[in-house]
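A closer look at the structure
Here's the letter readout for the chains.
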Amino acid sequence: MPGGAQPTDVLASSQPLDLLLLERSARVSYVYQDSIRNDRPTSEYAQWLVERGAEVRTVPHLPLRMIIWDRRTALVPIDPAAPDAGAFLLSSPGPVAALQSLFEQVWQRGARFGEERDRERDGALADQESAVLGLLAAGLTDEVIARKLGVSVRTSRR
C-alpha cells in the first residue's frame, strides 16, 4: 500500500472484504509505508487487521501497489503514478513469480506493525533516512520524495 495514509472511505470499503478473507482463514499480508504510523485512521485499521489475524509490516518506501493471490495471480496498476487509471491482471507464471519475489524482499525488510522500527545503531542511517538518500541520488525533488514516502514536503526536507 504505497502512498502513506489511506483515505477513510477506502478503509471503510476495504474492511468488509478483508474481514471476509480473514474469516475464511486466508493468509492476508499487508505492507504499508512507515508514515501510516502517524495517521490515526490508517494505523487503527492496520491494528484492526492484526487483531483479526492479518500480518502487517511497514517500510519507508514501496515500489508499487500490488495484490497477489495464491502466488498465481497478481493485480498491478497500469501506471504506478496514477493507480486509478486501471490495472493489469497477470496470471503468467513469470511476471507473478517476479512480483512475489519483490513482495518477499520488501516484506523481509519491513517492521511488524505495533513494533518500533529500529533507530540508528552504531552511526548507521535509519531506514527512512537511507530511503531519502536513495531517492535524492535518483534526482527526485523534495515534493516527489515526500509523495513516495507518504509524508509532508516539510518532513521530507527535514
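See the structure printed just above.
Structural notes, computed from the coordinates. (Residues numbered from 1 in each chain as written. Predicted model: local features only at pLDDT ≥ 70, side-chain atom pairs only at ≥ 80, totals over all residues. Heavy atoms only, no water.)

1. Things to note about the overall build of the chain
Convention followed: Helix and strand labels come from DSSP, where a helix needs a run of H or I of at least four residues and a strand needs a run of E of at least two; each type is numbered from the N terminus. With C-alpha atoms as the basis for the radius of gyration, the globule rule is written as 2.2 Å multiplied by the number of residues raised to the power 0.38. Here's how the labels work: a residue is buried when its accessible area is under 20% of the maximum for its type, exposed when over 50%, partly exposed in between, all with a 1.4 Å probe on protein chains only. The contact rule is simple, with two residues in contact once any of their heavy atoms fall within 4.5 Å. His residues and chain termini do not enter the charge count, which takes Lys and Arg as positive and Asp and Glu as negative. Think of each charge as sitting on NZ of Lys, CZ of Arg, CG of Asp or CD of Glu.
Counting its regular elements, the chain contains 6 helices and 6 strands. Order of helices (α) and strands (β) in the chain, N terminus to C terminus: α-β-α-β-β-β-β-α-β-α-α-α. Its C-alpha atoms give the chain a radius of gyration of 16 Å, within 12% of the compact-globule value 15 Å for 158 residues. Taken along the three principal axes of its C-alpha coordinates, the chain extends 45 × 35 × 30 Å. Buried residues in the chain amount to 32% of all 158 residues. Restricting the contact set of the chain to residue pairs at least 6 apart, pairs at least 24 apart contribute 61%. The positive charge centre, built from 19 side chains, and the negative charge centre, built from 21, are 1 Å apart in the chain.

2. Focus: the sheet that holds strand S5 (residues 87-90)
The following threshold applies: Any two strands with at least two DSSP-identified bridges between them are counted as paired. An axis is simply a line fitted to the C-alpha atoms; with a helix, the fit covers only the stretch in contact. Between two such axes, the angle follows the N-to-C directions and lies from 0 to 180 degrees.
An order of S3-S4-S5 is seen for the 3 strands of this open sheet, with the pairing classed as antiparallel. Every other strand in the sheet has two partners, leaving strand S3 (67-69) and S5 as the edge strands with one partner each. Averaged over neighbouring strand pairs, the angle between their axes works out to 15° when direction is ignored. Relative to strand S4 (residues 73-77), S3 is paired through 3 bridges, and the arrangement is antiparallel. Each residue of the ladder has a partner; that of tryptophan 69, found in S4, is threonine 73. Docked against the sheet, helix H3 (residues 93-108) engages S3, S4 and S5, running at close to 75° with respect to S4.

3. A few points about the pattern of salt bridges
For side chains of opposite charge, pairing can occur when their charged atoms come near one another. Put simply, the rule reads: Salt bridges are defined by distance alone: a side-chain nitrogen of Lys or Arg within 4 Å of a carboxyl oxygen of Asp or Glu.
Taken as a whole, this structure holds 5 salt bridges when the rule is applied. For arginine 40, the salt bridge is made with glutamate 44, and the minimal N-O distance between the two is 2.8 Å. With arginine 40 and glutamate 44 both in helix H2 (residues 40-51), this residue pair falls 4 residues apart, about one helical turn. Using a relative accessible area of 62% as the deciding quantity, one classes arginine 40 as exposed. Arginine 71 serves as the salt-bridge partner of glutamate 104, at 2.7 Å between the closest nitrogen and oxygen. Highlighted residues: glutamate 104 in helix H3 and arginine 71 in the loop between S3 and S4, separated in sequence by 33 residues. Owing to a relative accessible area of 33%, glutamate 104 belongs among the partly exposed residues under this scheme.

4. So, the sheet that holds strand S6 (residues 111-112)
Taking strand neighbours across the sheet as the criterion, the 3 strands line up as S1-S2-S6 in an open arrangement whose pairing is mixed. The open sheet has two free edges, formed respectively by strand S1 (29-33) and S6, since each of these has just one partner strand. Across 5 bridges, the pairing between S1 and strand S2 (residues 55-59) is parallel. Note that in S2 the partner of tyrosine 30 across the bridge is valine 56. H3 rests against S1 and S2 of the sheet, and its axis sits at about 65° to S1.

5. Section: the pairing of S1
Note the threshold: We call a crossover right-handed when, viewed with the strands running away from us, the connection from the first strand over the helix to the second turns clockwise.
Burial of S1 is extensive: 4 of the 5 residues sit out of reach of the surface. The parallel pair S1 and S2, bridged by H2, forms a crossover whose chirality is right-handed.

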